[in-house]
Amino acid sequence: MNPRNKSIKGLDVQFGKLLEDIIIDFLKTKYKLNVTHGDKSNKKYPDCMLLSSDKGILAYFEVKYHGAPFISAIQKIGRYCYEGSATFDLDKIVKQIEIVESELDRPVFYLHWIDYPCLKGLFFETSDQVKNELFILGEEFNREEREGDFNEAGKKKGYTKKFYAKLLEMGSFEELIDIFLDMKKNGVKMY
């Protein structure tokens, strides 16, 4: 099969920020939640934050967009495409989980925006779920390199080792909103 795109990192980052803006605006407007982009001084922290009324951090969250199902997932990782396509870059998520464990004393959520032809929706998992699955599964797939994985000097900048989240074990967007509303009212609880 041909790769779906050249994985141009700059365009991926711009699109990701647009989706974060949409989620942030929705949560602010509909639920009056104080959400914002994450800490600009530490880009390794999750991309978005839920803040209390006094601007204290209640939780962090990342928005992950998935627009192309892993059609050959059943042959490559033993899961059907609808359930085995929500991708993490293995090296990147391992580093972030290490930061979550050592530096952040707040819950961290991964919000997956699923936009496949066969399935659409917003689903979430906690950093503990991701950490536990990483421990059990580790690297699940190493995709072939593409043109967009390299900069102009030929240095690799893209991630090819993949780890797949378990969609069937995720919570719904409505459940995440309930958690956020509870945090807004009652403060931080570790999930």
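It should be noted that the structure appears before, not after, this text.
Let us look at the structure shown here. Residue numbers here run from 1 along each chain, matching the order of that chain's written sequence. Since the coordinates come from a predicted model, pLDDT governs what is reported: local features require at least 70, and pairs of side-chain atoms require 80 or more to be given and counted, while whole-chain, interface and lining totals use all residues. Remark: hydrogens and water are excluded; side-chain values derive from all non-hydrogen atoms of the structure.

**Section: the pattern of salt bridges**
Next up, step 1: By convention in these notes, a salt bridge is any Lys or Arg side-chain nitrogen within 4 Å of a carboxyl oxygen on Asp or Glu. Under the criterion given, the structure shown has seven salt bridges.
Next up, step 2: Put simply, Lys 131 and Glu 101 hold a salt bridge, and the shortest N to O gap is 3.4 Å. Of the two residues, Lys 131 is situated in helix H4 (residues 127-137) and Glu 101 in helix H3 (residues 90-103); the sequence distance between them amounts to 30 residues.
Next up, step 3: Using a 1.4 Å probe on the protein chains alone, a residue whose accessible area is under 20% of its type maximum counts as buried, one over 50% counts as exposed, and one in between counts as partly exposed. Classification of Lys 131 by relative accessible area gives partly exposed; the value is 29%. Working definition: helices are DSSP H or I runs of at least four residues, strands are E runs of at least two. Numbering for both runs from the N terminus.

**Some thoughts on helix H5 (residues 173-186)**
Next up, step 1: Every helix has an expected span of 1.5 Å times one less than the residues it contains. Across its 14 residues, H5 extends 20 Å between first and last C-alpha, which sits within 8% of the 20 Å expected from 1.5 Å per residue.
Next up, step 2: For H5, the full list of buried residues reads Phe 173, Leu 176, Ile 177, Ile 179, Phe 180 and Met 183. Looking straight down H5, one finds its buried side chains confined to an arc of 160°; they lie on one side. Among the exposed residues of H5, those oriented more than 90 degrees off its buried face are Glu 174, Asp 178 and Lys 185.
Next up, step 3: Just downstream of H5, Gly 187 is the residue with a positive phi angle, here 90°. The directions considered for the arc are those from the helix axis to the C-beta atoms.

**Regarding the sheet that holds strand S3 (residues 57-66)**
Next up, step 1: If you trace the six strands from one edge of the open sheet to the other, you get S1-S2-S3-S5-S6-S9, paired in mixed fashion. Two strands bound the open sheet, and with one partner strand each, they are strand S1 (34-37) and strand S9 (171-172).
Next up, step 2: At least two DSSP bridges between two strands are required for those strands to pair. Strand direction decides the pairing type here: S1 and strand S2 (residues 48-51), joined by four bridges, are antiparallel. Bridge pairing links His 37 to Cys 48 in S2.
Next up, step 3: We call two residues contacting when some pair of their heavy atoms lies within 4.5 Å. Geometry is summarised by axes, namely lines fitted to C-alpha atoms with helices restricted to the contacting stretch, and by angles between N-to-C directions that run from 0 to 180 degrees. Where H3 meets the sheet, its contacts fall on S3 and strand S5 (108-115), and the angle it forms with S5 comes to roughly 150°.

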